[in-house]
Amino acid sequence: MEVVRRRSGSGCLSMVVAIMCAFLVVMVPGVLGTRWTVGGNMGWTTNVNYTVWAQDKHFYNGDWLFFVYDRNQMNVLEVNKTDYETCNSDNFLHNWTTGAGRDVIPLNVTRNYYIISGKGFCYGGMKLAIHVENLPPPPTSTPLNEKSSSPTLTSRGMIVLPMVLAIGAVWDAFLWSW
């Protein structure tokens, strides 16, 4: 009597899981937005020039502004351009203050954002104006230079070595499962 051994589907399942992990390692960093701590180490406070802080930064759709401040004194208000320029907090568009002194504004619309702190702090410079734009398209691929001896593997400036290693691990697991 001949015994027939059946392979379990766990080898196939582990291969699929490994491939999915490889895709996550490569794709997730490009999808996640940046969390900007407004004012850097100083936070949302007086005596910080937020125009200077923001001038060398690019804000993209999907990023977040993270405000850290003294919850007993300050607040985070979104206003229109006119109220931003005059430090008028009476007609705010949105009060982002949650009371914890750790507030987040999701930058999920491509437009100008005008943020001030009311209670008179805006007059001391606690205001921020930024422009949010869509991510630029990825660079187009160019043909490999035929004189080049070693092509490089990059994706949006990132080395895809983790992907290559993951594919190697999957291949190794696939071969050993037989």
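Conventions and cut-offs
Residues numbered from 1 in each chain as written. Predicted model: local features only at pLDDT ≥ 70, side-chain atom pairs only at ≥ 80, totals over all residues. Heavy atoms only, no water. Pairing = 2+ DSSP bridges. Helix = DSSP H or I, 4+ residues; strand = E, 2+ residues; numbered from the N terminus. Contact = heavy atoms within 4.5 Å. Disulfide = S-S within 2.5 Å. Core = buried A, V, L, I, M, F, W, Y, C linked by side-chain atoms within 4.5 Å. Buried < 20%, exposed > 50% of the residue type's maximum accessible area, 1.4 Å probe, protein only. Axes fitted to C-alpha atoms, helices over the stretch in contact; angles between N-to-C directions. Phe/Tyr/Trp six-rings, centres within 6.5 Å; stacked < 30°, edge-to-face > 60°. Lys NZ or Arg CZ within 6 Å of the ring centre and 35° of its normal.

Caption draft 1: Region of the structure containing the sheet that holds strand E8 (residues 127–133). The sheet built from five strands is open, its strands ordered E2-E8-E7-E4-E5 with mixed pairing. Of all the strands in the sheet, the pair left with one neighbour each is strand E2 (59–60) and strand E5 (94–95). Sheet topology places strand E4 (residues 77–79) next to E5; two bridges connect them, and they run antiparallel. For Glu78, the partnering residue across the bridge sits in E5 and is His94.

Caption draft 2: Broad picture of the environment of Lys119. Relative to the elements of secondary structure, Lys119 occurs in the loop between strand E7 (112–116) and E8. Expressed as a C-alpha distance, the spacing of Lys119 and Cys87, which sit 32 residues apart in the sequence, is 9.8 Å. Apart from the residues lying within four places of it in its own chain, the contact partners of Lys119 are Gln73, Met74 and Asn75.

Caption draft 3: Local environment of the state of the cysteines. Under the counting rule described, the total for this entry stands at one disulfide. Across the disulfide from Cys87 sits Cys122; the S-S distance is 2.1 Å. Here the disulfide of Cys87 and Cys122 is left-handed, its torsion about the S-S bond being about -65°. Placement of Cys87 in the loop between helix H3 (81–86) and E5 and of Cys122 in the loop between E7 and E8 is noted, with a sequence separation of 35 residues between them.

Caption draft 4: Summary view of the nonpolar core. With 23 residues, the main nonpolar core has Trp44, Phe59, Leu65, Phe67, Leu128 and Ile130 as its most contacted residues. Mapped by element, the contributors of at least two residues to this core are helix H2 (50–54), strand E3 (63–68), strand E6 (102–107), E7 and E8. By size, the runner-up hydrophobic cluster in this structure holds seven residues, among which are Val79, Cys87, Tyr114 and Ile116.

Caption draft 5: Expanded view of the sheet that holds strand E1 (residues 35–37). Taken in spatial order, the three strands make up an open sheet running E1-E3-E6, and their pairing is mixed. The strands lining the two open edges of the sheet, one partner per strand, are E1 and E6. The mean angle between the axes of side-by-side strands here comes to 25°, regardless of whether they run parallel or antiparallel. Judged from the three bridges that link them, E1 and E3 form a sheet pairing that is parallel. The residue of E3 that forms the bridge with Trp36 is Leu65.

Caption draft 6: How the structure looks around the packing of aromatic side chains. In total, this model carries five aromatic pairs according to the counting rule given. Aromatic side chains Tyr84 and Tyr114 sit 5.4 Å apart centroid to centroid with 50° between the ring planes, which places their arrangement in the tilted category. Linking Tyr84 in helix H3 with Tyr114 in strand E7, this pair joins segments that are 30 residues apart in sequence. For the pair Tyr84 and Tyr114, a shared accessibility class is recorded, and that class is buried. Taken together through their ring pairs, the aromatic side chains of Trp36, Trp53 and Phe59 make up a single cluster. Positioned over the ring face of Tyr113 is Arg111, at 3.9 Å from the centre of the ring. A cation sits over an aromatic face here: Lys127 above Tyr84, 4.7 Å from the ring centre.

Caption draft 7: Just the pairing of E8, in detail. Burial along E8 is one-sided: Leu128, Ile130 and Val132 are buried, and none of Lys127, Ala129, His131 and Glu133, which face the opposite way, are. Across two bridges, the pairing between E2 and E8 is parallel. Bridged to Tyr60 within E8 is Glu133. Relative to E8, E7 runs antiparallel, the two being bridged by five bridges.

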